[in-house]
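# Examination of the molecular architecture
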Amino acid sequence: MKKNLIIACAFSLSMAACIGTDKDKEVRGSTADTGKLAVSTGKPTAAATVEIPGLDTMAANNAILLTGNDRMQYSDTLFKVKASEKIKVTFKNIGKMPKNSMGHNFVLLAQGTDFTNFATEAMKARDDDYIPKNLSSSIIAHTRLVGPGETDEISFSVPNKGIYDFLCSFPGHYGTMRGKLVAE
Ligand SMILES: [Cu+2]
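Residues numbered from 1 in each chain as written. Predicted model: local features only at pLDDT ≥ 70, side-chain atom pairs only at ≥ 80, totals over all residues. Heavy atoms only, no water.

Named according to an unreviewed UniProt entry, the chain is Azurin originating from Arcticibacter pallidicorallinus.

Pasting the structure below:
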């Protein structure tokens, strides 16, 4: 029960909501048993311990291959990378549906970004392929919106160790097309 709660927390919309107060961090830090990770919460000095299933056994790989399909799914929702080193994301839409009804992208958010707010603002940015200009400072990197059979490649790096959210910002997709990039 407790474990389920922690897992749900790790994948909830906002890490900040899970992390809570300093007092909570101490409690969480003392009870978590696997997959411990120092997480930046936006402030360089703030850290908490969270649990991500499968993270311990993953090797860091800065060459990310990711696909999206017609069922609004990414091929992976968890990546581990090295911070401060070049990361290359190759993202392909392997679906067949038209781009205007099932386009996909990969948008990596800066730590501390309000995930739901970002997704909501992105929905309004149809003319900019659902990349909200008013929240550009919240975006570390993004691919273009790709249609069926199309691929885009981007390179970037993340400055800090910690957990970063990514999503497809096409309207309605973020519920299933979302994941975490963990930098170590
Ligand atoms: Cu999508």
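Another aspect to go through is the overall build of the chain. The helix and strand tally for the chain stands at five helices and 10 strands. Counting the 184 residues in the chain, one finds 46% classified as buried. If you take every contact in the chain between residues at least 6 apart in sequence, the share linking residues at least 24 apart comes to 65%. Taken as a whole, the chain presents about 9400 Å² of accessible surface, with 53% of it coming from carbon and sulfur. (Helix = DSSP H or I, 4+ residues; strand = E, 2+ residues; numbered from the N terminus. Buried < 20%, exposed > 50% of the residue type's maximum accessible area, 1.4 Å probe, protein only. Contact = heavy atoms within 4.5 Å. Areas by Shrake-Rupley, 256 points an atom, 1.4 Å probe, with all protein chains shown as cover.)

We now examine the sheet that holds strand 8 (residues 151-156). Taking strand neighbours across the sheet as the criterion, the three strands line up as 3-5-8 in an open arrangement whose pairing is mixed. Both edges of this open sheet fall to strand 3 (63-68) and strand 8, since each of them pairs with a single strand only. Across the sheet, the mean angle separating the axes of adjacent strands is 15 degrees when strand polarity is ignored. Of the strand pairs in this sheet, strand 3 and strand 5 (residues 87-93) are connected by six bridges, and their pairing is parallel. What sits directly across from leucine 66, in strand 5, is phenylalanine 91. (Pairing = 2+ DSSP bridges. Axes fitted to C-alpha atoms, helices over the stretch in contact; angles between N-to-C directions.)

Taken as a class, soluble globular proteins show a tendency for nonpolar side chains to be buried jointly. Counting 25 residues, the largest nonpolar core has Phe106, Phe156 and Val158 as its most contacted members. Of all the elements in the fold, those that place two or more residues in this core are strand 3, strand 4 (78-81), strand 5, strand 8, strand 9 (162-167) and strand 10 (178-183). Ranked by residues supplied to this core, first place goes to strand 5 with three residues. Once you skip the residues sitting within four places of it in the chain, valine 158 turns out to touch Val81, Ala83, Ser84, Ile87, Leu108, Ile140, Tyr164, Leu181 and Ala183. The next biggest cluster of nonpolar side chains, apart from the first, holds 11 residues, and it includes Val107, Phe118, Ala119 and Leu167. (Core = buried A, V, L, I, M, F, W, Y, C linked by side-chain atoms within 4.5 Å.)

A separate point is the coordination of the copper ion. Bound to the copper ion on the protein side are His104 (ND1), Cys168 (SG), His173 (ND1) and Met177 (SD), at distances that span 2.1 to 2.7 Å. One can describe the site at the copper ion as irregular: its four donor atoms subtend angles covering 80 to 132 degrees at the metal. Read N to C, the donor residues that coordinate the copper ion are spaced as H-x63-C-x4-H-x3-M. Taken together, the positions of histidine 104 in the loop between helix 4 (99-102) and strand 6 (107-109) and histidine 173 in the loop between strand 9 and strand 10 put the pair 69 residues apart, joining distant regions of the chain. Residue classification places histidine 104 among the buried residues on the basis of a relative accessible area of 0%. (Donors = N, O, S within 2.8 Å, 3.2 Å for Na, K, Ca; no water. Tetrahedral: all angles 85-135°; square planar, octahedral: opposite > 155°, others 65-115°.)

The next thing to look at is the sheet that holds strand 4. Pairing within the open sheet is mixed, and its five strands lie in the order 4-10-9-6-7. This sheet does not close on itself; its edge strands, each paired only once, are strand 4 and strand 7 (139-142). Taken over all neighbouring pairs, the strand axes of this sheet differ in orientation by 25 degrees on average, direction set aside. One ladder, built from six bridges, connects strand 9 with strand 10; its direction is antiparallel. What sits directly across from isoleucine 163, in strand 10, is valine 182. Across the sheet, helix 5 (residues 115-123) touches strand 6, strand 7, strand 9 and strand 10, and the angle it forms with strand 9 is around 25 degrees.

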